[in-house]
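Listed below are the residues making up each chain.
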Amino acid sequence: RDFNERCAQCSEVNWGLTDGGGFYCRTCHNVIERTREVVNTDFITNSRVQTISKGSKKQEKTDGGCEWYICEGFQLVLKKQVEALEALGVCPQMKDEILCNFWRCYLQKSKQAYCQRPAAETVKALSVCESSTDVDSDPERPSLLHLLSLSESEGDLQTDCSFASSVSKVSESTSVYSGSVDGSLYIMKNQKEKLRMTMPMTLSFCYMALLWMREPITLSEFLRFVVEGHIPYLNVFQHFPEKMKLCGLDLKIFCVESWPVYEEVFNKMHELAAFLDLPRFPDITESCFLHPDMLCMKYLMEANLPDELHNWTCRVVKKIGIGEVDFLTLMPGNKSTRKVKHDVLAAAVIIVVLKLLFLLDDHYEWLLSEFAEERNKNNTEGGPYFEFKKWYEVVKHVLDVEQKKLDEERAKYLWRCEKPLFYSVKKKSKVLKRRQMVVNLQNQFGKLAGSVQRAEKPNPSSFQLSWSEENTDGSCFHGHSLKGVLQEKRGLLTAMNPDYWLCTVKLCNEKLCGHLAHYKDVEFPQSYHFVLGLFSFLLRIQPSYIHDEVCMIEHKLFNKKLYKKLKYNTVLRK
Amino acid sequence: SSNEHKLNFKKSKEACLSYIQDALLQKQWKRAAEFLTCYVESLEKDYSREHIGPSEIIWRIGTEILWHHSQSCMKEFNCFMEQMKTLGVKRYLKVCLEHIFHLLCNGQIDEAYQNLSLAESWRFGEQTAIQDKEMKLIQAYRGLLDYYSWSKQKNILLENGEDGFSDLAVEQEMHGYFRKAAVNLKEIIKIPGVWDIFVKCYVDLLEFYGDHNEARQVLNEYAYNSKFPANPNAHVYLYQFLKRQGESKKSLISALKILHDIVPSHELMIDFNTMLQKSKKRKKRRLGLEVIFTGLDYAGWKENAKAWSCLARQVKQIVISEKHLDWIKHEWNSRKDWWPAFHFSRYLAKRNWQENKSLSYEKALVAGILLGKDCKYFKYVSHQGCKAQLKRFRMLKKFMNRHSLVYLRISG
């Protein structure tokens, strides 16, 4: 469709495709040698997405492999990921309409397809790789070592000295460098200009689609599902078809050896949204799962806190305006507003509410707890009052157990998969031997590990901690009352606690140092550390990020008071 | 920015390794195996820059687990070791050696021998030269096992010999083992090191075949060559050999000199003192006194009755002869502050009397001379001894009465 050359015979531009994938002129039925790029229909489900046009070579190489391009690989990855999401219950629309279009848009904008490809670029790369037999002779051609060092991935692939040392012995063609046609080119490309695709970015793509669809899954949850193995990420290349051979630099692109962190995926997603010139995302309203009111309810339940606290979170949300549609909805390219992390925001709101009601200065909350305990002992009618101490003990115990389990799981994580990887055909036998030995050893020691077998992947669940009201041991606090910490003043329920301490008096400039506040530098009360730690575990992110959000919320909440103070100070100075 | 806590392959395996180490320390073999199963995929990474690579770690940890785990058997162990041998050619001989040690510990002498022979015939380009030390060890251990076989044959021969039969075949086999053993054992002890067992065996062989000169030379080298690390056993072996050969007291004494310097508390010091005491040379007798005093400085000798009797004999002899009291004075000078509490407390007097009357006798004699007859120790023991109407204690009392002022001259 994009082929615009004139037919040699009749000078028309009216091309069609034969069954064999060859081009023929519809006017005079002249068949030319140019063939449509082999795009295996396995790669893409939506038949509307078509060819990635390029100058083509022989269709099949001698080793049974075919020519394939890096972005085709990524397309496959995305397909697998979105199918997994569908299996989890995400609306199928996401794959066919949303993600697909995002991807096409990306390919177009990054000039990898659907456009007049600067053919010169490709041709140059190909000829360079083919011609010279002596690797070191051509000063223009980047050496393999150089290419390796360019990539920002930190995998140990870079330190594979044995591979690097074999470079000088290489004297063959492109197959050594990468199984894909443009692997080396891909790594060489200047990343800043065109937002080069990476494995972590596939997650950004997925999340962007999820956000667009307003699916009830937060980024932290999504990433947790990835780590738990419900979304293919780590060894997804093993699902590539046999013909797509991976070797050499492809490994650097598709083999990851680390889990991307929240910040990374989050920031990339925003970059991507801006790069694709997307319009304002669909509105996030009060009925939306991602709205702080909803998320707060979920997290309160998961944190085993009284339902009554939800009134308070809603009040805070309303007061500082973070429940507004304009605040919550993503407007790509808008650099002036702070990007919203819905899950972290909700967690931070809960923490602020806890600080409002319990102060969390390592004294007051225990005091309140004692009063509640007294009352609960003497008065068993009506629901129990919420006792901070009891809650702390129950939750801490469970948290410690879960954290320990998580740490062990992280240590037992298996990174490799059945499909062996090798840089070059030369290394193949060594790699296969090693793989065999690893499997043997795993069997031998696995038997000695006793009855502790690697459990099947647990079913993905939205709630990591669950508390049942039916437990008679009183370990569920959902129904507990906050009466012990509240008082009535002029018909309104307010906190008995008159004080509040700010996490930070002055917010830092996020663009300069990456954070709004510095969690590690200051000493905070243990109770504060504890609640931060709790949500840090639930969301699987560093406590400092939640701390930042807490600071931001506090500053919004106490804006007037702070402003007054600042003003007062300046007056004094005069 | 936030990449420090990013979980990646390397960190994950580091954490895994620390779990394994904890489990090993607590002897939780099942748990260690569980985590090792997850660790082994590290083999698929090239760690050429690391100090100790995963293949070595897996070898060492796997060995520990398989050796101790209740459900593991030798068959599995051997299978594992064979795999480890293929893992790192630079470690090949080391792994072989360790495997052989384990086989020996398990009593599988024949298998150990087979492995030794196999390892000996291994060749791998320049690695063979690089791993020369390990090769020598392998040959030495094979020599050792040959010695062991020789020894068995010898015993058979000796038994049969009693009946008057001499089995030629057994004898020839025995000689064969001797030759094989001798060659290898001789080689290893040339290299500076601690080769006690090899030396002993080699000397045993030489003595049996009557090559005493060679034996003497070997032992001298082992004891006196400064390239070899200081080794008390070397001197002990030499001394024992010389004794067997019936050498003069002079050469026996000289053999023990260095041992006294290195290990003053060695049990042979008693023999040393006994020989020195009897010497005609004044210097030697003086040395003898020093030797016995020094030995008794050590807690391990506190209840050594023989040692005390040596000391008692010598000081008694000096006191009687009234010559060289200054020797005792000199020795006592550095000990008078702490020996009383260390050896001659009332508590010890009671205990020694209860447990070992001879010991208390000898000690009492020494105490009386050094501290006078009014000292706690002497008073108690002497009183008890006389009460029990034991003759020698009465004699002791008389002796002390005669020499009651000696202690003043010693301590003054």
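All of these numbers come straight from a predicted model, not from anything done at the bench.

Chemist: Any chance you could explain the overall build of chain A here in plain terms?
Modeler: Regarding its fold elements, chain A presents 22 helices and 5 strands. For chain A, the residues scored as buried account for 51% of the 574 residues in total. In chain A, the proportion of contacts linking residues at least 24 apart, taken out of those at least 6 apart, comes to 73%.

Chemist: Explain the pairing of strand 5 (residues 492–495) of chain A here, please?
Modeler: In summary, the side chains of a regular strand alternate between the two faces of the sheet. Residue and element names in this part refer to chain A. Pairing of strand 4 (residues 486–489) with strand 5, which is carried by 4 bridges, proceeds in the antiparallel orientation. Counterpart to lysine 489 in the pairing with strand 5 is leucine 492. From the end of strand 4 to the start of strand 5, which pair antiparallel, there are 2 residues, and arginine 490 there has a positive phi angle of about 50°.

Chemist: I'm lost on the interface of chain B and chain A in this one. Help?
Modeler: With 41 residues of chain B at the contact, the number on the chain A side is 40 residues. Here chain B packs against chain A, burying approximately 3,900 Å² in sum over the two surfaces, 57% of which is carbon and sulfur. Its largest share of buried area at the contact with chain A, chain B owes to Lys6, Leu7 and Glu44 of chain B, together 16% of the area lost on that side. We note a salt bridge from glutamate 34 of chain B to lysine 412 of chain A, for which the minimum N-O separation is 2.3 Å. Elements represented by at least two residues in the side of chain B that touches chain A include exactly helix 1 (9–25), helix 2 (29–39), helix 3 (54–68) and helix 4 (74–87) of chain B. For the side of chain B that touches chain A, the element with the most residues is helix 2 of chain B, which contributes 8 residues. Of the residues in the side of chain B that touches chain A, the class split is 18 nonpolar, 12 polar and 11 charged.

Chemist: Help me out: how do you make sense of the pattern of salt bridges in this one?
Modeler: Any two side chains of opposite charge can pair, on the condition that their charged atoms come close. The final tally for this structure, using the stated rule, is 38 salt bridges over all chains. Aspartate 283 of chain A serves as the salt-bridge partner of arginine 280 of chain A, at 2.9 Å between the closest nitrogen and oxygen. Take aspartate 283 of chain A: its relative accessible area is 32%, and that puts it in the partly exposed class. Glutamate 44 of chain B is the salt-bridge partner of arginine 435 of chain A, the closest N and O atoms lying 2.7 Å from each other. On the criterion of chain membership, the pair formed by arginine 435 of chain A in helix 18 (residues 428–448) and glutamate 44 of chain B in the loop between helix 2 and helix 3 is interchain, its members lying in two chains. Linked by salt bridges that have partners in common, Lys79, Glu83, Glu86 and Lys95 of chain A make up one network.

Chemist: Quick question: what am I supposed to make of the nonpolar core here?
Modeler: Most often, soluble globular proteins keep nonpolar side chains buried together rather than apart. Residues Phe205 and Phe222 of chain A are the most contacted members of the largest nonpolar core, which totals 142 residues. The element that contributes the greatest number of residues to this core is helix 15 (residues 342–358) of chain A, accounting for 13 residues. Summarising the domain contributions, this core has at least three residues from each of domain 2 (67–114 + 194–278) and domain 3 (295–404 + 464–501 + 519–550) of chain A. Each residue touching phenylalanine 222 of chain A, except ones within four places of it in the same chain, is listed here: Leu85, Leu203, Cys206, Tyr207, Leu210, Ile217 and Ile231 of chain A. Tyr19, Leu24, Tyr39 and Ile57 of chain B belong to the second largest nonpolar core, which has 137 residues in total.

Chemist: What is the right way to read unusual backbone geometry from this model?
Modeler: With the exception of glycine, the majority of residues adopt a negative phi angle, and the majority of peptide bonds are in the trans configuration. All names here are of chain A. Of note, the phi angle at aspartate 277 is positive, near 55°, even though the residue is not glycine. On the basis of relative accessible area, aspartate 277 is assigned to the exposed category, the value being 58%. Residue aspartate 362 is not a glycine yet carries a positive backbone phi of 70°. With respect to the element layout, aspartate 362 can be found in the loop between helix 15 and helix 16 (364–378).

Chemist: Whenever I open this one, the packing of helix 1 of chain B against helix 3 of chain B confuses me. Can you help?
Modeler: Axes are the key here: two packed helices are described by the angle between their axes and the distance separating the axes. Residue and element names in this part refer to chain B. Contact geometry for helix 1 and helix 3: axes closest at 11 Å, N-to-C directions at 30°. What the angle tells us is that helix 1 and helix 3 run roughly parallel. Note that helix 1 runs across helix 3; the crossing there is left-handed. Residues Leu17, Ile20 and Leu24 of helix 1 touch helix 3, and the partners they reach there are Ile57, Ile61, Glu64 and Ile65.

Chemist: It is not clear to me how a nonpolar patch on the surface should be interpreted in this structure. Could you clarify?
Modeler: Taken together, the side chains of Tyr224, Ile258 and Ile262 of chain B present a nonpolar region at the surface, about 230 Å² in accessible area. Locating tyrosine 224 of chain B in the fold gives a position in helix 11 (residues 212–224).

Chemist: Looking at this structure, I do not really get a positive patch on the surface. What am I missing?
Modeler: Residues and elements named next belong to chain A. On the surface, Arg315, Lys319, Lys560, Lys561 and Lys564 cluster together into a patch of positive charge. The biggest single contributor to the positive patch is helix 22 (residues 559–573), with 3 residues. Mapped onto the elements of the fold, arginine 315 is located in helix 13 (residues 309–320). According to the relative accessible area criterion, arginine 315 is partly exposed, its value standing at 40%.

Chemist: Help me out: how do you make sense of the side chain of glutamine 108 of chain B in this one?
Modeler: Residue and element names in this part refer to chain B. As for its position among the elements, glutamine 108 is in the loop between helix 5 (92–105) and helix 6 (109–120). The exposure class assigned to glutamine 108 is buried, which follows from its relative accessible area of 18%. Setting aside residues no more than four positions away along its own chain, glutamine 108 makes contact with Met74 and Leu103.

Chemist: Even after reading the chapter, I still don't get the state of the cysteines, so can you show me in this structure?
Modeler: Among covalent bonds in proteins, the disulfide is the one between the sulfur atoms of two cysteines. All names here are of chain B. Under the counting rule described, the total for this entry stands at 0 disulfides over all chains. Free of any disulfide, cysteine 96 has its nearest cysteine sulfur in cysteine 79, 15 Å distant. Note on cysteine 96: relative accessible area 3%, which makes it buried.

Chemist: Would you take a moment to explain helix 21 (residues 543–557) of chain A for this structure?
Modeler: Because an α-helix completes one turn every 3.6 residues, residues spaced three or four positions apart along the sequence face the same direction. Its 15 residues give helix 21 of chain A an end-to-end C-alpha distance of 21 Å, which sits within 8% of 21 Å, the value for a rise of 1.5 Å per residue. Burial analysis of helix 21 of chain A places 14 of its 15 residues in the buried class, the great majority of the element.

Chemist: Just to check I follow, could you spell out helix 6 of chain B for this structure?
Modeler: All names here are of chain B. Across its 12 residues, helix 6 extends 16 Å between first and last C-alpha, which sits within 8% of the 16 Å expected from 1.5 Å per residue. Taken as a whole, helix 6 has its buried residues at Ala112, Asn115, Leu116, Ala119 and Glu120. Seen from one end, helix 6 has its buried residues packed into an arc of 135°, which puts them on one side. The outward face of helix 6, more than 90 degrees from its buried face, is lined by the exposed residues Asp110, Gln114 and Leu118.

The rules behind the values
Every chain begins its residue count from 1, and numbering advances along the sequence as written. Just so you know, chain letters begin at A and ligand numbers begin at 1, following the order they were written in. A pLDDT threshold of at least 70 governs which residues receive local features in this predicted model, and a stricter bar of 80 or more applies before side-chain atom pairs are shown or counted, although totals over entire chains, interfaces and linings include all residues. Derived side-chain values reflect all non-hydrogen atoms in the structure, with water molecules and hydrogen atoms excluded from consideration. Working definition: helices are DSSP H or I runs of at least four residues, strands are E runs of at least two. Numbering for both runs from the N terminus. A 1.4 Å probe rolled over the protein chains alone gives each residue an accessible area, and that area as a share of the maximum for its type sets the label: buried under 20%, exposed over 50%, partly exposed in between. Residue contacts are counted whenever heavy atoms from the two residues lie within 4.5 Å of one another. Two strands form a pair only when DSSP identifies at least two bridges running between them. What gets called buried area is simply the loss in accessible area from a 1.4 Å probe that two parts show on being joined, summed for both. The salt bridge definition used is simple: a Lys or Arg side-chain nitrogen within 4 Å of an Asp or Glu carboxyl oxygen. Residues are grouped as follows: Ala, Val, Leu, Ile, Met, Phe, Trp, Tyr, Cys and Pro are nonpolar; Asp, Glu, Lys and Arg are charged; every other residue, Gly included, is polar. Among buried residues, the Ala, Val, Leu, Ile, Met, Phe, Trp, Tyr and Cys ones that are joined through side-chain atoms within 4.5 Å form a nonpolar core. What counts as a domain boundary in this text is fixed by an automatic or database domain assignment. Every axis in this analysis is a line fitted to C-alpha atoms, fitted for helices over the stretch in contact. Angles between the N-to-C directions lie between 0 and 180 degrees. Just so you know how the angles are binned, under 35 degrees is roughly parallel, over 145 roughly antiparallel, 65 to 115 roughly perpendicular, and the rest oblique. Rotating anticlockwise by less than a right angle from the far helix to the near helix defines a left-handed crossing, while the corresponding clockwise rotation defines a right-handed one. Exposure above 30% relative accessible area and the lack of any salt bridge qualify a residue for a patch; like charges then connect within 9 Å, and the nonpolar side chains Val, Leu, Ile, Met, Phe, Trp and Tyr within 5 Å. Only the protein chains shown count as cover for residues, and all accessible areas are computed by the Shrake-Rupley method using a 1.4 Å probe. The charged-residue count follows a simple rule in which Lys and Arg add positive charge and Asp and Glu add negative charge, with His and chain termini not counted at all. By convention, the charge on Lys lies at NZ, on Arg at CZ, on Asp at CG and on Glu at CD. Any cysteine sulfur atom paired with another within 2.5 Å is treated as part of a disulfide. A helix is expected to reach a length of 1.5 Å times the quantity of its residues less one. Starting at the helix axis, one direction is taken to each C-beta atom, and the arc is that of these directions.

These figures capture arrangement, not role.
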